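# Per-entry structural report
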Protein chains: 2
Amino acid sequence: MQLVVTMDTLVENQHFFPNANPYDLGYKSVAVNLSDLAAMGAEPRWLTLSLTLPDINHDWLRAFSEGCFALANRFNLSLIGGDISKGPVSITVQAHGLVPAGKFVKRDTAGIGDLIYVTGCLGAAGFALKQIKEGIQDNIDFRDESECLHRPQPRVEAGLILREYITSMIDVSDGLIIDLGHILELSNVGAEIMLKSLPMTENLAALQNETAWEIALTSGDDYELCFTVPEKLDQTVIRKIEAFCPLTHIGQITGDNRLTLMKPNGEEWNCTTSGYQHF
Amino acid sequence: MQLVVTMDTLVENQHFFPNANPYDLGYKSVAVNLSDLAAMGAEPRWLTLSLTLPDINHDWLRAFSEGCFALANRFNLSLIGGDISKGPVSITVQAHGLVPAGKFVKRDTAGIGDLIYVTGCLGAAGFALKQIKEGIQDNIDFRDESECLHRPQPRVEAGLILREYITSMIDVSDGLIIDLGHILELSNVGAEIMLKSLPMTENLAALQNETAWEIALTSGDDYELCFTVPEKLDQTVIRKIEAFCPLTHIGQITGDNRLTLMKPNGEEWNCTTSGYQHF
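Residue and element names in this part refer to chain B. For the structure on display, the rule yields 18 salt bridges over all chains. Taking the shortest distance from any N to any O, the salt bridge between lysine 28 and aspartate 221 comes out at 2.9 Å. Remark: aspartate 221 occurs in the loop between α8 (209–218) and β8 (224–229) and lysine 28 occurs in helix α1 (residues 22–39); sequence separation between them is 193 residues. Residue classification places lysine 28 among the buried residues on the basis of a relative accessible area of 9%. Of the charged contacts in the structure, one is a salt bridge between lysine 103 and glutamate 164, with a shortest N-O distance of 3.1 Å.

Okay, here's the thing in structure tokens:
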């Protein structure tokens, strides 16, 4: 087996609001790391956690722990160590996974003609964040999107199945344009995405087309898998994955070294934004 | 081999001053993690780094990287990944090491009658911090202590040699009383420390006795190794270790489940403080 590690930090005011629900924070800080392991086709095994807090609040810590372990227990992960410090709220998790030697999925191996798929929906977390920023609190009308924002589902099982069939994979944390862009750049290829195929929640799909496409392609925080495969996935494989999450064919790898977004009418669309910027 | 991991976070205003030298910060953020690996008798192999910064300052980043790699290169360590986020300055490093199966050194295995040793000097970093807090800037008069505070030497080589001979070990990051206290509590034993044997720099030893003892025992940030051994170390072993750092016998493990500090006149001394408190 080969050891795979990934480390992600969530910082108050940058990745979450100051009054964020501590259960959700615990859950999400584990989820975003498991999503990175999933994108390599790795089986998660252990976690470490460094927690920085302005003070010790036992209720907060209890809820945070419950959130962490809700997800850690589902995958039978141990929290094996870490650190605790005083300071502005910040959460760093490192996840450790195993993958059979040579089987880990890379980003620089997409081939011209490969089909491009994504799991789940794109833009759901971004839609929920937009609602919250516009002062519309979580409610039943966008419960699905709110769940995606606060408790993203790392596609661990899908990653484990897919690693046998695919040529490259990444998780969509900064938005599809940026993250698929990493695969394109590293593989020295281009891609054509069919905008009408982007999987969206009903609420997002109900928005004006260009608004919906922009949210789906650039808002990030999705933690869905985007991968490339030399030919259409076999129905047996699709059924195995769809036991865990939806799967959508959204485009194809091309040889022209750019990302082309095709509107339903066959015209090209220019997206004016790119995605989540770390700075 | 067994994999050993450790994670330490340094937070601005808590672990370092806002105007801290970025080279020193890079160096120290790696050093404190290697010190933890040294205390387990592990050979360091890889690092991950999560860096949170309010903005991108290329000069700062260059100096920080130079500090990290000054130490990483000495031990032939790769920085294999990490994260970067916007926010209040915070540095989390995880170090990964290897140790032959079953050879890693634990904290719950000190035996009654074992001798207690420490590497290097105690309280040097604390002395330097005290000078800085009293407004005395770094100068030639406490250059040694300032070096201990800003660029602590992780005792990696000593840990690798010692793992063959010792019963327990810890690194002194929160002060000897607290850190030796972890060994005592976990091993269900006590200890007697001879205050006259505490290794100190000349500047620290020149202070009034009780002030010097308190700094040596409680100020933390030393990153020296404290370990227990069933009988006096062989001269050959001592010479091997002293090629890297001084070694001092400071006391003995006892059966009475408390830490006793013995003054040179044979009386017991009560230290009124304990050590670094994370909160």
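On to unusual backbone geometry, then. Phi angles above zero are rare outside glycine, and asparagine 76 of chain A is one such case at about 60 degrees. One can find asparagine 76 of chain A in the loop between α2 (58–74) and β3 (78–86). For asparagine 13 of chain B, which is not a glycine, the phi torsion comes out positive at approximately 75 degrees. Note that asparagine 13 of chain B resides in the loop between β1 (2–11) and α1. For asparagine 13 of chain B, a relative accessible area of 58% puts it in the exposed group.

The subject of this paragraph is the state of the cysteines. All names here are of chain A. Scanning all chains against the criterion turns up zero disulfides over all chains. No disulfide involves cysteine 148; its nearest neighbouring cysteine sulfur is the one of cysteine 121, lying 6.7 Å away. Summary of cysteine pairing: cysteine 226 is not part of a disulfide, and the nearest cysteine sulfur, belonging to cysteine 245, is at 13 Å.

Here chain A sits on chain B after a turn of 180 degrees about the axis and a move of 0.0 Å along it, with an RMSD of 0.0 Å. Look at the turn and shift together and you get a two-fold axis relating the two. Most of the interface of chain A is mirrored in chain B, where 100% of its interface residues are also at the interface.

Right, let's talk about the interface of chain A and chain B for a bit. Tallying the contact residues gives 31 residues for chain A and 31 residues for chain B. By the criterion of area lost to chain B, the three top residues of chain A are Met7, Lys86 and Phe279 of chain A, representing 31% of everything that side buries. Taken together, chain A and chain B are joined by zero salt bridges. When residues of the side of chain A that touches chain B are traced back to their parent elements, those giving at least two are β1 (2–11), β2 (43–53), β3 and β4 (90–99) of chain A. For the side of chain A that touches chain B, the per-class residue count stands at 14 nonpolar, 13 polar and four charged.

Turning next to the confidence of the model for chain A. Mean pLDDT for chain A: 95, with 99% of residues reaching 70 or above. Listed scores for the predicted complex are pTM 0.93 and ipTM 0.92.

As a further point, take helix α9 (residues 235–242) of chain A. Residue and element names in this part refer to chain A. Turning to α9, its buried residues are Val237, Ile238 and Ile241. On an axial view of α9, the arc spanned by its buried residues comes to 100 degrees, and they lie on one face. As for α9, its buried residues are in contact with α5 (156–162) and β9 (247–254).

About the criteria used
- Along every chain, residues carry numbers that run from 1 in the direction the sequence is written.
- A letter from A marks each chain and a number from 1 marks each ligand, given out in the order of writing.
- Local features are withheld for residues below a pLDDT of 70 in this predicted model, meaning they are given only at 70 or higher, and side-chain atom pairs are given and counted only at 80 or more; totals for whole chains, interfaces and linings count all residues.
- As a rule here, side-chain values come from all non-hydrogen atoms in the structure, and water together with hydrogens is ignored.
- One speaks of a salt bridge when a side-chain nitrogen belonging to Lys or Arg is within 4 Å of a carboxyl oxygen belonging to Asp or Glu.
- Starting at the N terminus, helices and strands are each numbered in turn, a helix being any DSSP run of H or I of at least four residues and a strand any DSSP run of E of at least two.
- Working definition: with a 1.4 Å probe on protein chains only, accessible area under 20% of the residue-type maximum means buried, over 50% means exposed, and in between means partly exposed.
- Count a disulfide wherever a pair of cysteine sulfur atoms falls within 2.5 Å.
- Only residues with pLDDT of at least 70 in both copies contribute their C-alpha atoms to the least-squares superposition of the copies.
- Here, two residues are considered to be in contact whenever any of their heavy atoms come within 4.5 Å of each other.
- Buried area is understood as the total, over both parts, of accessible area removed when two parts are fitted together, assessed with a 1.4 Å probe.
- Side-chain classes are defined by residue name, with Ala, Val, Leu, Ile, Met, Phe, Trp, Tyr, Cys and Pro counting as nonpolar, Asp, Glu, Lys and Arg as charged, and the others, Gly among them, as polar.
- On a scale of 0 to 100, pLDDT captures the predictor's confidence in every residue.
- The directions considered for the arc run from the helix axis to the C-beta atoms.

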